[in-house]
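Coordinates in review
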Amino acid sequence: PTRRSSDLITSDLIINLLLILVAAWVLGFLFSRVGLPEILGQMLAGVILGPPLLGIVTHNLAQGMLGELGIFFVMFHTGMELDPKKLLGHKWPSFAVALGGFILPFALGYVLTGVFGGTQYQSLFIGIGVSITAIAVQAVILHSMRINRSEIGHIILGAAIVDDILALIALSTLLGLAKTGSIQLSEPLLILLKVMAFFGLTIVIGHFVMPKLTRHLTDSGGKAFTFAMLSALVMAYFADLAGLHHIMGAFLAGQFVRKEVMDNDVYNAIQDRFYGISYGFLVPVFLASLSFHLHFSLNLSFLTFSLLLIFVAMLGKLVGCGLGALPFKYNLREIFIIGLGMNGRGAVELVVATIILGLSNDLISKNIISDPLL
């Protein structure tokens, strides 16, 4: 039969995946041998094979979908590994770390963009971009460093959740400002109410509904994995309704799948399948695909701005999160780890950039973000 042009699984996709997985495996192994996280090697595989350097592998819809699915699986697996009681037990340090790590990078990004001649809107939106911690990227980093189940890991993940909520509220406020010329409080308040309703629903489902459903769950015919996927998809849908990223729903669904509410063998089967599919296949595709969005230019102004923006973004998270953690009696080493841990960025910023670029083309005659600042 003749292959349809709309088919997603093509020979090009198969070759791309083969190249990505082989390069990610080899470079990840080499990086691990010198004491560095494997994910650095996996991202470097994308830089080398993708548009930034060789251009052998290019981004396409199917690869993008696989990468997004990988992060969806990772967030569910991360939710399974974290103790929800410990996560809630560190809510105040997490909130303080998130607040400090959001405000300072935002201010530094805003000022730096203004110094380089950026408009008011450019400065505000770039400030938002550098203030976000990408929870999905963070989860992969913490797991690769084997600190995801530690107290510091719980604080970083909790802070990343709060950070995403703050970014959502701030972005909606700035979008309202760009569209109307004034700050509309109704939209951020509505988002806050929806987020509160979402987490309230999460508590009800997690504590009252899920234990009854999982008590007699078996793995016959792979039904345990099917049940986990259904849970993740339902919670992803509710998260989307609340205005949050769908991976937040997958993470919270993973929190429902706890050892104490189901058979231990069923729990291990679910965890093993999500781990193998995500870290063994889909995450390297996601990380390599992230590298495809890199843009290099020999323009001196662009290079200077980019390097300084990276610097203030890292410094802002390091100092801001450190100041947030300081009142909770953590030592300097722990504060430094928290600050570095909150520097994970990637997927969420790409979503924000896409929204802003669409807005600049449709609603404002002078671009919010112009080519020299991309």
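Before any of the text, the structure's been laid out above.
These numbers come from a predicted model, not from an experiment.

What follows is about the overall build of the protein. The helix and strand tally for the protein stands at 15 helices and zero strands. Per-residue burial for the protein yields a buried fraction of 51% across its 374 residues. For the protein, the exposed surface amounts to about 18500 Å²; the carbon and sulfur share of it is 69%.

Centre-to-centre distance and the angle between the planes together describe a pair of aromatic rings. All chains considered together, the criterion is met by eight aromatic pairs. With a centroid separation of 5.0 Å and an interplanar angle of 55 degrees, the aromatic rings of Phe73 and Phe274 are classed as tilted. On the criterion of sequence distance, the pair formed by Phe73 in helix H3 (residues 61–81) and Phe274 in helix H12 (residues 264–291) is long-range, its members being 201 residues apart. Judged by centre distance (6.1 Å) and plane angle (50 degrees), the ring pair of Tyr237 and Phe238 falls under tilted. Feature note: the residues Phe73, Phe76, Phe225 and Phe274 constitute an aromatic cluster, connected by ring pairs.

This part is about the nonpolar core. Judged by nonpolar contacts, the single largest core of 82 residues is most densely connected at Met75, Phe76, Val97, Val140, Leu244, Ile270 and Phe274. With 17 residues, helix H8 (residues 151–180) is the single largest residue contributor to this core. Setting aside anything within four residues of it in sequence, one finds Phe76 in contact with Ala228, Ala232, Ala250, Phe251, Ala253, Gly254, Val257, Ile270 and Phe274. Core analysis: the next-biggest nonpolar cluster, separate from the first, contains nine residues, Ala24, Leu27, Ala45 and Phe292 among them.

Attention now moves to helix H5 (residues 91–115). With 25 residues, H5 should cover 36 Å at 1.5 Å per step; its first-to-last C-alpha distance of 36 Å lies within 8% of that length. For H5, the set of buried residues is Pro93, Ser94, Ala96, Val97, Ala98, Gly100, Gly101, Phe102, Pro105, Gly109, Leu112 and Thr113. Backbone geometry just after H5 places Gly117 at a positive phi near 90 degrees.

Of note, the phi angle at Lys329 is positive, near 65 degrees, even though the residue is not glycine. Tracing the backbone through its elements, the reader meets Lys329 in the loop between helix H13 (300–325) and helix H14 (332–341).

Turning next to the side chain of Gln63. By the element assignment, Gln63 lies in helix H3. When its relative accessible area of 0% is taken as the criterion, Gln63 is described as buried. Aside from chain neighbours lying at most four places away, what touches Gln63 is Leu13, Asn16, Leu17, Ile20, Val57, Thr58, Val285, Ser289 and Phe292.

Turning to the environment of Glu187, a few remarks are in order. Position of Glu187 relative to the elements: it lies in helix H9 (residues 186–214). Residues Glu187 and Ser172 lie 15 residues apart in sequence; the distance between their C-alpha atoms is 6.9 Å.

Our focus in this paragraph is a nonpolar patch on the surface. On the surface, Leu18, Val22, Trp25, Val26, Phe29 and Leu30 cluster together to form a nonpolar patch covering roughly 660 Å² of accessible area. Among the residues examined, Leu18 registers a relative accessible area of 53% and is labelled exposed.

The angle between the axes and the distance between the axes are what describe a pair of packed helices. For the pair H5 and H13, the least separation of the axes is 7 Å and the interaxial angle reads 150 degrees. Relative to H13, the element H5 is oriented roughly antiparallel. Crossing hand, H5 versus H13: right-handed. Judged by residue contacts, Ala96, Val97, Gly100, Gly101, Phe102, Leu104, Pro105, Leu108, Gly109, Leu112 and Thr113 of H5 engage Phe305, Leu308, Leu309, Val312, Gly316, Lys317, Val319, Gly320, Cys321, Gly324 and Ala325 from H13. Tallied by class, residues from the contact of H5 with H13 come to 14 nonpolar, seven polar and one charged.

Our focus in this paragraph is the pattern of salt bridges. Counted under the stated rule, the structure contains two salt bridges. In this structure, Asp163 and Lys317 form a salt bridge, with 2.9 Å as the shortest nitrogen-oxygen distance. Of this pair, Asp163 sits in helix H8 while Lys317 sits in helix H13; the two residues are 154 residues apart in sequence, bridging distant segments of the chain. Each member of the pair Asp163 and Lys317 is classed as buried. The shortest N-O distance in the salt bridge between Arg273 and Asp219 comes to 2.7 Å. Note that Arg273 is positioned in helix H12 and Asp219 in the loop between H9 and helix H10 (223–241), a separation of 54 residues in sequence.

What counts and how
Sequence order as written defines residue numbering, which begins from 1 separately in each chain. Since the coordinates come from a predicted model, pLDDT governs what is reported: local features require at least 70, and pairs of side-chain atoms require 80 or more to be given and counted, while whole-chain, interface and lining totals use all residues. Hydrogens and water molecules were not included; the side-chain quantities draw on all heavy atoms of the structure. Put simply, DSSP marks the helices as runs of H or I at least four residues long and the strands as runs of E at least two long, and each gets a number from the N terminus on. Three exposure classes are used, based on accessible area relative to the maximum for each residue type with a 1.4 Å probe and protein chains only: buried under 20%, partly exposed in between, and exposed over 50%. Per-residue accessibility takes into account occlusion by the displayed protein chains alone, with areas from the Shrake-Rupley method and a 1.4 Å probe. We call Phe, Tyr and Trp rings a pair once their centres come within 6.5 Å, taking the six-membered ring for Trp, and we label the pair stacked below 30 degrees between planes, edge-to-face above 60, and tilted otherwise. Think of a nonpolar core as a cluster: buried Ala, Val, Leu, Ile, Met, Phe, Trp, Tyr and Cys residues, connected wherever their side-chain atoms sit within 4.5 Å. We call two residues in contact whenever any of their non-hydrogen atoms come within 4.5 Å of each other. Here the expected span of a helix is defined as 1.5 Å times the quantity of residues minus one. Here, patches come from residues exposed beyond 30% relative accessible area and free of salt bridges, joined within 9 Å for like charges and within 5 Å for nonpolar side chains (Val, Leu, Ile, Met, Phe, Trp, Tyr). Counted as salt bridges are all cases of a side-chain nitrogen of Lys or Arg within 4 Å of a carboxyl oxygen of Asp or Glu. Lines are fitted to the C-alpha atoms to define the axes, a helix being fitted only along its stretch in contact, and any angle between axes, read from their N-to-C directions, falls within 0 to 180 degrees. Working rule for angles: under 35 degrees goes down as roughly parallel, over 145 as roughly antiparallel, 65 to 115 as roughly perpendicular, anything else as oblique. Rotating anticlockwise by less than a right angle from the far helix to the near helix defines a left-handed crossing, while the corresponding clockwise rotation defines a right-handed one. Polarity classes work like this: nonpolar for Ala, Val, Leu, Ile, Met, Phe, Trp, Tyr, Cys and Pro, charged for Asp, Glu, Lys and Arg, and polar for all others, with Gly in that last group.

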